[in-house]
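# Structural features, examined
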Amino acid sequence: MSDMLALDTITLAQERTQLFRDLVDNKIPKRVPIGAVRFSSEFAIQYADKDLAKEQWDTARLEEILDKVCQDFASDTLPLSSIRFPSYYKILGAKTFVMGSSGFLQHPEVHGLEPEEYDEFIASPYDCIMEKVMPRLYTALDTNPVEKSLVLAKAFKAYYDETGNMGKIFAALSQKHGYAPPLFTGATEAPFDLVADLIRGFKGVTSDLRRCPDKLAAACEAVTPMMVKKGVPKNPSKYASTFIPLHMAPYIRPKDFEKFYWPSFKKLIEDMAAAGQPSTLFVEHDWMRYIDYLYELPENTRMMFEFGDPKVVKEKLGKKHILTGFYPLTLLKTGTKEQCVDKAKELIDILAPGGKYYFGFDKSIITVDSVNIENLQAVVQYVAENANY
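Predicted, not measured: the structure shown is a model, and the values here were computed from it. (Residues numbered from 1 in each chain as written. Predicted model: local features only at pLDDT ≥ 70, side-chain atom pairs only at ≥ 80, totals over all residues. Heavy atoms only, no water.)

A tally of helices and strands in the protein yields 17 helices and 11 strands. Computed over C-alpha atoms, the radius of gyration of the protein comes to 21 Å, within 12% of the 21 Å expected from 2.2 N^0.38 for 389 residues, which places it in the range of a compact globule. Considering only C-alpha atoms, the protein reaches an extent of 60 × 45 × 40 Å along its principal axes. Here the protein holds 389 residues, and the buried ones make up 52% of them. Restricting the contact set of the protein to residue pairs at least 6 apart, pairs at least 24 apart contribute 72%. Looking at the protein as shown, the accessible area adds up to about 18,200 Å², and 53% of this sits on carbon and sulfur atoms. A distance of 2 Å separates the average location of the 47 positive side-chain charges in the protein from that of its 53 negative side-chain charges. (Helix = DSSP H or I, 4+ residues; strand = E, 2+ residues; numbered from the N terminus. Rg over C-alpha atoms; globule rule 2.2 N^0.38 Å. Buried < 20%, exposed > 50% of the residue type's maximum accessible area, 1.4 Å probe, protein only. Contact = heavy atoms within 4.5 Å. Areas by Shrake-Rupley, 256 points an atom, 1.4 Å probe, with all protein chains shown as cover. Lys, Arg positive; Asp, Glu negative; His and termini not counted. Charge placed at Lys NZ, Arg CZ, Asp CG, Glu CD.)

What follows covers helix α12 (residues 254-274). Quick reminder: α-helices carry 3.6 residues per turn. Residues three or four places apart thus point the same way. Helix geometry: α12 is bent most strongly at Trp-262, by close to 45°, with proline Pro-263 lying one to four residues after it. All of the buried residues along α12 are Asp-256, Phe-257, Phe-260, Tyr-261, Trp-262, Ser-264, Phe-265, Leu-268, Ile-269 and Met-272. Here the buried face of α12 lies against α9 (191-199), α10 (201-211), α11 (213-231), β7 (242-246), β8 (279-283) and α13 (291-295). Backbone geometry just after α12 places Gly-276 at a positive phi near 95°. (Bend = angle between axes of the 7 residues up to and from the residue.)

In this model, Asn-26 sits at a positive phi of 60°, which is unusual for a non-glycine residue. Here Asn-26 lies in the loop between α1 (2-24) and β1 (34-36). At Phe-326, a position not held by glycine, the phi torsion is positive, near 80°.

The UniProt record annotates "domain: Uroporphyrinogen decarboxylase (URO-D)" (unreviewed entry) at residues 185-385. Taken end to end, residues 185-385 comprises 53% helix and 11% strand; its first and last C-alpha atoms sit 28 Å apart. (UniProt positions renumbered as here; feature names shortened; annotations may be inferred.)

Detailed reading of the predicted coordinates is not advisable wherever pLDDT is low. Here the protein averages 94 in pLDDT, and 98% of its residues register 70 or above. The model gives residues 1-5 a pLDDT under 50, and that stretch makes 0 contacts with residues more than four places away or in other chains. (pLDDT = per-residue confidence, 0-100.)

For the rest of this paragraph, the subject is the packing of α9 against α10. Where α9 contacts α10, the axes come no closer than 6 Å and their chain directions differ by 125°. Judged by the angle between their axes, α9 and α10 are oblique. Contacts between α9 and α10 involve Phe-192, Val-195, Ala-196, Asp-197, Leu-198 and Ile-199 from the former and Gly-201, Phe-202, Val-205 and Leu-209 from the latter. Class assignment of the residues belonging to the contact of α9 with α10 gives a composition of 8 nonpolar, 1 polar and 1 charged. (Axes fitted to C-alpha atoms, helices over the stretch in contact; angles between N-to-C directions. Parallel < 35°, antiparallel > 145°, perpendicular 65-115°, else oblique. Nonpolar A, V, L, I, M, F, W, Y, C, P; charged D, E, K, R; others polar.)

Across the sheet, which stays open at both edges, the 5 strands sit in the order β6-β7-β8-β9-β10 with parallel pairing between neighbours. The open sheet is flanked by β6 (186-187) and β10 (322-325), the only strands paired with a single partner. Inspection of the sheet shows β7 paired to β8 by 5 bridges, in the parallel sense. Within the sheet, the bridge partner assigned to Pro-245 lies in β8 and is Phe-282. (Pairing = 2+ DSSP bridges.)

To continue, consider the pattern of salt bridges. Scanning the model with the defined rule gives 22 salt bridges in all. Of the charged contacts in the structure, one is a salt bridge between Arg-16 and Asp-76, with a shortest N-O distance of 3.1 Å. You can see Arg-16 sitting in helix α1 and its partner Asp-76 sitting in the loop between α4 (63-72) and β3 (80-81), a full 60 residues away along the chain. For the pair Arg-16 and Asp-76, a shared accessibility class is recorded, and that class is buried. Between Asp-67 and Lys-176 there is a salt bridge, with its nearest N and O atoms 2.5 Å apart. Within this pair, whereas Asp-67 is found in helix α4, its partner Lys-176 is found in helix α8 (residues 145-177), the two being separated by 109 residues in sequence. Overall, Asp-67 belongs to the buried group, its relative accessible area being 8%. The class for Lys-176 is partly exposed, based on a relative accessible area of 48%. Sharing partners across several salt bridges, the network here consists of Glu-117, Glu-120, Lys-132 and Arg-136. (Salt bridge = Lys/Arg side-chain N within 4 Å of Asp/Glu carboxyl O.)

Listed below in structure tokens is the structure:
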């Protein structure tokens, strides 16, 4: 019986893998794949009715907790994401991600570079990050070189322990449930977003657009090679991708987007594609005014949309790029089961024709109370059983 079960999951994984390969190979898949349905580890811990503040500290014990999500929600890929854990942030004395009383790691508004230090950053971004930015953002590194090296060693040991544990758990769950391989095999940031997130902060970078625009543009150009290096994995593949969340573009003027955001971002995507690694863009907030720019990116760039008109996006991008997202998580909280399923039908009718679409929500599911669980299960089950071509 166990051999038969193993064979069934292998066959299932092969069938699911083929669905996503067909999208890349410009073929119509057997049915619409379910790929961008991702639950955070925080959601999984809450869903299993465990203590969020406690369980994140021992990742080796998470397999049973995470497996409950796999058992209860239909998906063709592992429906889980675990990006950050508190252990290494605590070792580093991080200001960047701080655990709140609820057990969630929160990202305060911080910055590690002052505007008068742009020249130094532009001349050597890596050295400046290591010598100035990191000690300001991670207080345990603000010490003498010997202590600094010891703290870094401890933090990296914790990081690799955590990611190693999660890698083993994810591999075991993928094998157990017959999932297709991960859609992401790396992650990086748009150069402008890197500068905005931690180097200068949101407030700083919006001020720099007016006060020192040339230095900001030069900084984005200077960090682009670092972002390409981070985004290209050891074994690139046209069937995998690098995840890139896009943060700042909707919050700046179109003329600033064209001058500061787009050139380095486009180069990042093109350089990774030239190395054999496509990108999956989390198109955060509303990018409708930049849709024509997105068309220019290399073919089969994956785009997960949070907001926007799916009809327009399909018309403009759907023959060249692979689309997902659009389904509003808020509806799962406020709508009836029938309304939720009808929304899935609507999006499939718009986005599925011609292929190059896999089903997904507009963002990752982070908390149990952000959705109605029965509605969520009804939607993914409907797509799994009824989205055949």
